[in-house]
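# Examining the three-dimensional arrangement
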Amino acid sequence: MPGTRTRTLTSALPLALAVVGTFVTAVPVAQAASDRAASDRAGDAHHSRPSQCRGQGVDASARIRYRSDVVIKAPLSTVWKLQTDVERWPSWQQPVLTAERLDTGRLGKGSRFRWTTPAPATPTTPATTLEITSTVRQLQRGACVLWSGPAIGQGLRIDEGVHLWTFTEVKGGVRVHTEETWTGAQVEADVPTATAALGAGLEAWLHDLKTTAEHRRK
């Protein structure tokens, strides 16, 4: 990862897993804040309702959780394809080193995929590469997807991450909403730090998705 980006999030522990999590230090804080401001959020009423995909959502009992959204000025078909074409994630997300489907056909309920991402060293964990095996719990084409699974590396483990994405067409583009929860003794040992790291990862993912989708529209 670029040195300047790494320094930006050093104080928040560079543990930024997103999909089942993704270790990333990719978006400067100012840029993430700008993206959030530009997203034209639906407001408190929108966020007060539990987000779900076909009746399922993130882990309601998890102590580590984060949610955010952004408006992407691109067609829904473009955004949806980017997000669900798992094997192409490394082409537009620098923190994703490898990604492979463990089955064939279009992504759907029950689909599984395995991907890897680097995890920098922290005061309590060594530098490692996380291997994440995700299983799609629910999917509604063009509307939502929910997946979950463990993230395991040498000296580092997240027992389960549950990640929800919803996609809603709005004036001028698509509102993308994301929520994720983590569970596991190692990350729960420092909930504020893990939550800050999870948030950094999700903001980076939204930023990359927005940037890539809007660029392809031009």
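Below is a short write-up of the structure. Since the structure is predicted, the reported quantities are computational estimates derived from the model, not experimental observations.

### With respect to the overall build of the protein
From N to C terminus, the protein includes six helices and seven strands. A buried classification covers 53% of the 218 residues belonging to the protein. Once local pairs closer than 6 in sequence are excluded, the contacts in the protein between residues at least 24 apart make up 62%. When the accessible surface of the protein is split by element, carbon and sulfur atoms take 50% of a total near 9900 Å².

### Observations concerning the nonpolar core
One broad trend across soluble globular proteins is that nonpolar side chains are buried collectively. Residues Val79, Trp89, Trp165, Phe167 and Val176 are the most contacted members of the largest nonpolar core, which totals 40 residues. Every element with two or more residues in this core is listed here: β1 (64-72), α4 (76-84), β3 (112-119), β4 (128-140), β5 (144-153), β6 (156-170), β7 (173-183) and α6 (191-217). Considering each element in turn, this core owes the most residues, eight residues, to α6. In this view, Val176 contacts Ser68, Asp69, Val70, Ile72, Val79, Trp165, Thr166, Phe167, Leu206 and Leu209; residues no more than four positions away in its chain are not counted. Residues Cys53, Val58, Cys144 and Val162 belong to the second largest nonpolar core, which totals six residues.

### What about the sheet that holds β5?
Pairing within the open sheet is antiparallel, and its seven strands lie in the order β1-β7-β6-β5-β4-β3-β2. Two strands close off the open sheet at either side, each with one partner strand: β1 and β2 (98-101). Averaged over all pairs of adjacent strands, the angle between strand axes in this sheet comes to 20°, irrespective of strand direction. Pairing analysis gives four bridges linking β2 to β3, with the strands arranged antiparallel. Looking at the pairing, Arg101 lines up with Phe113 of β3.

Rules behind the numbers
- Residues numbered from 1 in each chain as written.
- Predicted model: local features only at pLDDT ≥ 70, side-chain atom pairs only at ≥ 80, totals over all residues.
- Heavy atoms only, no water.
- Helix = DSSP H or I, 4+ residues; strand = E, 2+ residues; numbered from the N terminus.
- Buried < 20%, exposed > 50% of the residue type's maximum accessible area, 1.4 Å probe, protein only.
- Contact = heavy atoms within 4.5 Å.
- Areas by Shrake-Rupley, 256 points an atom, 1.4 Å probe, with all protein chains shown as cover.
- Core = buried A, V, L, I, M, F, W, Y, C linked by side-chain atoms within 4.5 Å.
- Pairing = 2+ DSSP bridges.
- Axes fitted to C-alpha atoms, helices over the stretch in contact; angles between N-to-C directions.

The analysis is restricted to geometry; functional conclusions fall outside its scope.
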